[in-house]
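Residue-level structure breakdown
One letter stands for each residue in the lines below.
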Amino acid sequence: MAQKNEEDDKVRLDKWLWAARFYKTRALAKAAIESGKVHCRGERCKPGKEPRIGDEFVIRTGFEERTVVVQALSIVRRGAPEAQTLYAETEASIAKRENAAAQRKAGALGVSTDGKPSKKQRRDLFKFRGSSND
């Protein structure tokens, strides 16, 4: 039977993000917070901030941006199923992430090329632009 102690009420934000499995190490979580990738109520946070149940955080990891609501506090990193009970992602955040992933998969966010142009393609490009490099 788990006992509730005062340490569970006082959790650092970097430790909670690590326990919730958003980042692999506490050092990465701390670096992400300090570089402005974690926001609470539209403002940047500090690693020592104490999250409360019901707080809403915007967390950027890689291409993804998640809006999560704190459901429980923990200072222990456990398995992924248990870590997912620490937070709930908002419906708008899920829809936004899925839409962004679909666009990335379709290649809509960047110019995709077949690689470096061949010598003939470069000559045709120079001719088309009207520049002479001869």
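Attention in this report is confined to the structure presented alongside it. (Residues numbered from 1 in each chain as written. Predicted model: local features only at pLDDT ≥ 70, side-chain atom pairs only at ≥ 80, totals over all residues. Heavy atoms only, no water.)

1. Overview of the pattern of salt bridges
- Enumeration over the complete set of coordinates arrives at ten salt bridges.
- Close ionic contact of D14 with R26 constitutes a salt bridge, the shortest N to O distance being 3.5 Å. Separated by twelve residues along the polypeptide, D14 in helix α2 (residues 13-19) and R26 in helix α3 (residues 26-34) bring together distant segments of the chain.
- Under the relative-accessibility criterion, D14 is labelled buried at 2%.
- We note a salt bridge from E50 to R52, for which the minimum N-O separation is 3.5 Å.
- Classification of E50 by relative accessible area gives partly exposed; the value is 31%. (Salt bridge = Lys/Arg side-chain N within 4 Å of Asp/Glu carboxyl O. Helix = DSSP H or I, 4+ residues; strand = E, 2+ residues; numbered from the N terminus. Buried < 20%, exposed > 50% of the residue type's maximum accessible area, 1.4 Å probe, protein only.)

2. A look at the packing of aromatic side chains
- Tallied over the entire structure, the rule returns three aromatic pairs.
- Between F22 and Y87, the aromatic rings sit 4.7 Å apart at their centres with planes inclined by 45°, giving tilted as the arrangement. One end of the pair, F22, is in the loop between α2 and α3; the other, Y87, is in strand β5 (residues 87-89), with 65 residues separating them in the sequence.
- By relative accessible area, which is 12% here, F22 ends up buried.
- Its relative accessible area of 14% is what places Y87 among the buried residues.
- In textbook terms, an aromatic cluster arises when at least three aromatic residues are bridged by ring pairs, as seen for W16, F22, F57 and Y87. (Phe/Tyr/Trp six-rings, centres within 6.5 Å; stacked < 30°, edge-to-face > 60°.)

3. Some remarks on helix α5 (residues 91-106)
- If you check α5, its first and last C-alpha atoms are 23 Å apart, about what 16 residues at 1.5 Å a residue would give, namely 22 Å.
- Trailing α5 by a residue or two, G107 shows a phi angle of about 85°, which is positive. (Expected span 1.5 Å × (residues − 1).)

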